[in-house]
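# Chain and residue survey
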Amino acid sequence: MVANWNSVLRWIHLAFGLMLGTYFFRINQNIMGGVWSEGVTIFVSYVVIIVLFWTGISKWQLPRIMKFYRNRRNK
């Protein structure tokens, strides 16, 4: 199976989304005190959220915006 950018972005977005979900699930369930170490919190706040934001925009929003402008220009 050949991987294209669409599937690569989807899997990156899903993997980092699972990381963020696990981070907040552990805090919410108060497992082992519900406190992450400082390094994990910094990693989530600087890396995971930024990667989720940009992969989400490039995967789902940019094609939608480009399609809107293309259809508007053709009318």
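Structure: see above.
The sections below set out a description of the structure shown in this document.

Residues Phe16, Leu20, Tyr23, Val44, Val48 and Leu52 constitute the largest nonpolar core, which totals 6 residues. Residue contacts for Tyr23: discarding those within four places in its chain leaves Trp36, Val40, Thr41 and Val44.

In this section: the packing of aromatic side chains. Summed over the entire model, instances satisfying the criterion amount to 3 aromatic pairs. Aromatic side chains Tyr23 and Phe24 sit 5.2 Å apart centroid to centroid with 75° between the ring planes, which places their arrangement in the edge-to-face category. The exposure class assigned to Phe24 is partly exposed, which follows from its relative accessible area of 45%. Consider the rings of Tyr23 and Trp36, whose centres lie 5.7 Å apart with planes at 20°: the pair is stacked. Of this pair, Tyr23 sits in helix H1 (residues 5-29) while Trp36 sits in the loop between H1 and helix H2 (38-74), placing them 13 residues apart in sequence. Sitting over the ring of Trp36, Arg26 keeps its end group 4.2 Å from the ring centre.

Moving on, we get to the environment of Val51. Mapped onto the secondary structure, Val51 falls in helix H2. Among residues more than four places away in sequence, those in contact with Val51 are Ile12 and Phe16.

Procedures and definitions
- Residues numbered from 1 in each chain as written.
- Predicted model: local features only at pLDDT ≥ 70, side-chain atom pairs only at ≥ 80, totals over all residues.
- Heavy atoms only, no water.
- Core = buried A, V, L, I, M, F, W, Y, C linked by side-chain atoms within 4.5 Å.
- Buried < 20%, exposed > 50% of the residue type's maximum accessible area, 1.4 Å probe, protein only.
- Contact = heavy atoms within 4.5 Å.
- Phe/Tyr/Trp six-rings, centres within 6.5 Å; stacked < 30°, edge-to-face > 60°.
- Helix = DSSP H or I, 4+ residues; strand = E, 2+ residues; numbered from the N terminus.
- Lys NZ or Arg CZ within 6 Å of the ring centre and 35° of its normal.

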